[in-house]
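Read off the chains here:
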Amino acid sequence: MRKQGVRFDIKWLIILLIIALLLIFLVFPLTYLVVRAFLRNGEFSLEAFRRIYTYSMNWEALKNTLITASLAMLLGVAIAFPMAWLVGRTDLPGKGFFRMLSVTTYMVPPYVGAMAWMRLLNPKAGTLNSFLQKLFGLSEMPMNIYSIGGLVWVLATFYYPFAFITISRAMERMDPSLEEASRISGASPLKTLFTVTLPLMLPSIVASGLLVFIAAASCYGIPSIIGAPGKIYTVTTRIAEYVSIGSDEGLSDATALAVVLMLLGILILILTDFIIGKRDYTTVSGKSVRPNIVELGRWRIPTLIIVCVLSFILQILPFFTVFATSFTKNMGKSIFSQGNFTTKYWGIIFSRDAILSSAKNSLLAAFLAATLGMIVAVTMAYLLKRTKQRGRKIPDFLIALGSGTPSVVIALALIMTMNGRFGINIYNTIWIMIVAYMVKYMMMGMRPLVSGFSQIAPSLEEAAQISGAGWLRRMKDVILPLLLPTVVAGWFLIFMPSFYELTMSTLLYSSKTETLGVQLFNYQTYHSQQTAAALASGILLLVIAVNVLLKKLSRGRFSI
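All chains use their own residue numbering, which begins from 1 and follows the written sequence. pLDDT decides what is reported in this predicted model: residues at 70 or higher carry local features, side-chain atom pairs at 80 or more are listed and counted, and totals for whole chains, interfaces and linings draw on all residues regardless. Neither water nor hydrogens contribute to the side-chain values; these are computed over all heavy atoms in the structure.

### A look at the overall build of the chain
Here is step 1: Secondary structure elements are defined from DSSP: runs of H or I of at least 4 residues count as helices, runs of E of at least 2 residues count as strands, and each element is numbered from the N terminus. Secondary structure assignment for the chain yields 23 helices and two strands.
Here is step 2: Under the scheme applied here, a residue whose accessible area is under 20% of the maximum for its type counts as buried, over 50% as exposed, and between as partly exposed, the area being computed with a 1.4 Å probe on protein chains only. Per-residue burial for the chain yields a buried fraction of 54% across its 560 residues.
Here is step 3: The method behind every accessible area is Shrake-Rupley, applied with a 1.4 Å probe, and residues are considered shielded solely by the protein chains displayed. As presented, the chain carries roughly 26100 Å² of accessible surface, and 65% of it is formed by carbon and sulfur atoms.

Structure (structure tokens):
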């Protein structure tokens, strides 16, 4: 009997190493955080939860979190669905430009939006508030940004792109024959929208709304900037306060709050996966489809005007406000007032050693997180789409778990486990931030890769394998060249939020690892709002420049 030799395949070694990394830096920290929350002196106890929720402020924080996240979800979807339908399924003029504006909001740090709306709707001297007061002859400012309503507005306007992107993708994949049948039966475009498109899109709408909910519930920057002056606390701001105490009891209290937020995030993740899975069976055809374009007719111009006004309010006005603030000498006067224009604050951000050092840290951490994250994402996407190995969906679930876990929970779990207690000490180093960014944002890079692998015929790789090429050679010479635009896009999707990240960085940074997000928050909160505005404008311009470069490198195929 002829004995068959066993050929070692390096891909399985790489895959096992990646799974080991996920277990060490994701599963173990989160598991330990949960176990620690239920232990007291080595025994099972609910004492931490009992103590933490005897404080009325924590109940108030939980209530505020649920209320603001729920209302932001509803408002975000209410903005996203009509916008996605108008730019994706109608003959609206300039719809490519409006889509770009909506996606641009996704690329901007949410706390920059908080800064902008704080300047516009400040109850004492807000620019927009003053304008409305004079326009309507009011005795007092009409709006107060430091309120639940103000917090909901900012959360919704800067997280609605999550819903917009999800709904847009689902619309692109929906079988147009269903709408065609409705139109042939004599239904008007509006009736088709409400009787066919909307019901079929409902699972996607619900899933996108849940994404907005968890993003709003786990946000730290916006509640800390908008909520703190109005004494509106959320779970994330309370966790940060407990961690800043620095004691074991403070860490225990933060853990008890974090577990609740983590369980909420996991529940939302499971619901989203279930709903999206349902959507794939009800709205998507198995062949390439071209969506029908609905002619707006006499409503074309009125609709264009409404979309222009909405885009101006949601995107252009906030960004212009931040940019204008960076050139304002006296915050109490308009930038257009005589002698109130200055470039002083732009000089500060390019001359302060602390800011330049923070920029270097942000670039380094984001670059390494994106690069290492894409290595993991490419390998895991290959495992998922090119093999039939049992258990191949486990790493995919773990990556999705990291994405669905609130940022503040990830940071707290890493603080508790990566401080040398269990043999790994990366606390107070740049590496703990890199690990945190990878865990949180790797899914963003993997998502387009899974789709990209589906579009590459396996026969190409099989031909290379028959020719004697090993797995690494096939990846280098066949797979990666074909996937290059998608890899570049995925790299950017990890790099971008890592570069301006605030929530995890606030808890993980040390005196030597401050990032731009931390610097920006400190200037906005404790020092100079004009310097913060200049720094925010610089971050925005850099993100846009990288996005333009990305489109060129990906041959124009990149689309969020």
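What follows picks up the thread again.
### Here we look at helix H4 (residues 95-106)
Here is step 1: One less than the number of residues in a helix, times 1.5 Å, gives the span that helix is expected to have. The terminal C-alpha atoms of H4, which comprises twelve residues, lie 17 Å apart, in line with the 16 Å expected from a rise of 1.5 Å per residue.
Here is step 2: Buried residues of H4: Phe98, Arg99, Leu101, Ser102, Val103, Thr104, Thr105 and Tyr106, and no others.

### Here we look at empty space enclosed by the protein
Here is step 1: As defined here, a cavity is a set of points on a 1 Å grid over the protein atoms alone where a 1.4 Å probe fits but cannot get out. A pocket is an open set with protein on both sides within 12 Å along at least five of seven lines, and residues line them when an atom is within 4 Å of a point. Grid points are joined across faces, edges and corners, and a volume is the space filled by probe spheres set on the points. For the coordinates displayed, the defined rule picks out two cavities of 30 Å³ or more.
Here is step 2: Estimates place the volume of the largest cavity at around 60 Å³.
Here is step 3: As for the largest cavity, its lining consists of eleven residues, and the residues nearest its centre are Met115, Arg119, Thr325, Gln524 and Gln529.
Here is step 4: No other element matches helix H5 (residues 110-121), which puts four residues into the lining of the largest cavity.
Here is step 5: Classification used: nonpolar for Ala, Val, Leu, Ile, Met, Phe, Trp, Tyr, Cys and Pro, charged for Asp, Glu, Lys and Arg, polar for all others including Gly. Residues that form the lining of the largest cavity fall into these classes: six nonpolar, four polar and one charged.
Here is step 6: Estimates place the volume of the second largest cavity at around 30 Å³.
Here is step 7: Taken together, Phe25, Leu26, Pro29, Leu30, Ile410, Ala413, Leu414 and Val439 make up the full set of residues lining the second largest cavity.
Here is step 8: Breaking the lining of the second largest cavity down by element, the ones donating at least two residues are helix H1 (10-37) and helix H17 (407-417).
Here is step 9: The leading source of residues in the lining of the second largest cavity is H1, at four residues.
Here is step 10: Class assignment for the residues of the lining of the second largest cavity results in eight nonpolar, no polar and no charged.

### A look at helix H16 (residues 393-404)
Working note: α-helix, 3.6 residues per turn, so residues spaced by three or four point in the same direction.
Here is step 1: With twelve residues, H16 should cover 16 Å at 1.5 Å per step; its first-to-last C-alpha distance of 16 Å lies within 8% of that length.
Here is step 2: Looking only at H16, the buried set comprises Pro395, Leu398, Ile399, Ala400, Leu401, Gly402 and Gly404.

### Description of a nonpolar patch on the surface
Here is step 1: Residues forming no salt bridge and having over 30% relative accessible area are the ones grouped into patches, like charges within 9 Å of each other and nonpolar side chains (Val, Leu, Ile, Met, Phe, Trp, Tyr) within 5 Å. When a carboxyl oxygen of Asp or Glu lies within 4 Å of a side-chain nitrogen of Lys or Arg, that pair is called a salt bridge. Together, Ile301, Ile305, Val309, Phe312, Ile313, Ile316 and Phe320 make up an exposed nonpolar region whose accessible area comes to about 620 Å².
Here is step 2: We classify isoleucine 316 as partly exposed; its relative accessible area is 37%.

### Some remarks on the packing of H5 against helix H22 (residues 516-526)
Here is step 1: Lines fitted to C-alpha atoms define the axes, with helix axes restricted to the stretch in contact, and inter-axis angles between N-to-C directions lie between 0 and 180 degrees. In contact at an axis separation of 11 Å, H5 and H22 are set at 20° when each is read in the N-to-C sense. Between H5 and H22, the angle falls in the class roughly parallel. For the pair H5 and H22, the crossing hand works out as left-handed. Where H5 abuts H22, its residues Tyr111, Val112, Met115 and Met118 lie against Gly517, Leu520 and Gln524.
Here is step 2: Within the contact of H5 with H22, the residues separate by chemical class into five nonpolar, two polar and no charged. By definition in this entry, angles of less than 35 degrees are roughly parallel, angles greater than 145 are roughly antiparallel, angles of 65 to 115 are roughly perpendicular, and the rest are oblique. Whether a crossing is left-handed or right-handed is set by the direction in which the near helix is turned from the far one by less than a right angle, anticlockwise for left-handed and clockwise for right-handed. In what follows, a contact means two residues having at least one pair of non-hydrogen atoms within 4.5 Å.

### Section: unusual backbone geometry
Here is step 1: Notably, lysine 231 is not glycine yet its phi reads approximately 55°, a positive angle.
Here is step 2: A positive phi is found at asparagine 428, a non-glycine position, where the angle reads about 65°.
Here is step 3: Within the secondary structure, asparagine 428 is located in the loop between H17 and helix H18 (430-454).
Here is step 4: Look at asparagine 428 and you get partly exposed, because its relative accessible area is 38%.

### Brief notes about the nonpolar core
Here is step 1: Membership of the largest hydrophobic core comes to 169 residues, with the highest contact counts inside it found for Leu33, Phe164, Ile167, Ile222, Ile239 and Leu412.
Here is step 2: Considering every element that reaches this core, the biggest residue donor is H18, with 15 residues.
Here is step 3: Other than its neighbours up to four places away in sequence, leucine 33 contacts Thr255, Ala258, Val259, Met262, Val409, Leu412, Ala413 and Met416. Residue types Ala, Val, Leu, Ile, Met, Phe, Trp, Tyr and Cys, when buried and joined through side-chain atoms within 4.5 Å, form a set referred to as a nonpolar core.

### Some remarks on the pattern of salt bridges
Here is step 1: Evaluation of the coordinates by the stated rule reveals three salt bridges.
Here is step 2: Salt-bridge contacts for aspartate 91 lead to arginine 300; the nearest nitrogen and oxygen are separated by 3.6 Å. Of this pair, aspartate 91 sits in the loop between helix H3 (56-89) and H4 while arginine 300 sits in helix H13 (residues 300-325), placing them 209 residues apart in sequence.
Here is step 3: Aspartate 91 sits in the partly exposed class, given a relative accessible area of 22%.
Here is step 4: In this structure, glutamate 241 engages arginine 238 in a salt bridge whose closest nitrogen and oxygen atoms are separated by 2.6 Å. One end of the pair is glutamate 241 and the other is arginine 238, both in helix H11 (residues 235-245) and three residues apart, which spans about a single turn.

### Let's talk about the packing of aromatic side chains
Here is step 1: What counts as a ring pair is set by centres within 6.5 Å for rings of Phe, Tyr and Trp (its six-membered ring), and what kind of pair is set by the plane angle: stacked under 30 degrees, edge-to-face over 60, tilted for all other angles. One pass over the full model with this rule turns up 14 aromatic pairs.
Here is step 2: On the numbers, 5.1 Å between centres and 70° between planes, the contact of tyrosine 32 with phenylalanine 422 is edge-to-face. Of the two residues, tyrosine 32 sits in helix H1 while phenylalanine 422 sits in the loop between H17 and H18, which places them 390 residues apart along the sequence.
Here is step 3: The buried category is assigned to tyrosine 32, whose relative accessible area is 18%.
Here is step 4: Ring centres of phenylalanine 97 and phenylalanine 98 lie 5.7 Å apart, and the angle between their planes is 65°; on these two criteria the pair is classed as edge-to-face.
Here is step 5: Exposure remark for phenylalanine 98: the relative accessible area of 5% places this residue in the buried category.
Here is step 6: In textbook terms, an aromatic cluster arises when at least three aromatic residues are bridged by ring pairs, as seen for Phe323, Phe327, Trp346 and Phe350.

### Describing the environment of proline 29
Here is step 1: Position of proline 29 relative to the elements: it lies in helix H1.
Here is step 2: Under the relative-accessibility criterion, proline 29 is labelled buried at 1%.
Here is step 3: In this structure, the C-alpha to C-alpha distance between proline 29 and threonine 417, residues 388 residues apart in sequence, is 5.8 Å.
Here is step 4: For proline 29, the residues in contact, after removing those within four places along its chain, are Leu23, Ile24, Ala413, Leu414, Thr417 and Met418.

### Regarding the environment of alanine 240
Here is step 1: Looking at the element boundaries, alanine 240 is found in helix H11.
Here is step 2: Under the relative-accessibility criterion, alanine 240 is labelled buried at 11%.
Here is step 3: Note: C-alpha distance between alanine 240 and threonine 503 (263 residues apart in sequence) is 8.9 Å.
Here is step 4: Contact partners of alanine 240, with chain neighbours within four places excluded, come to Tyr220 and Leu507.

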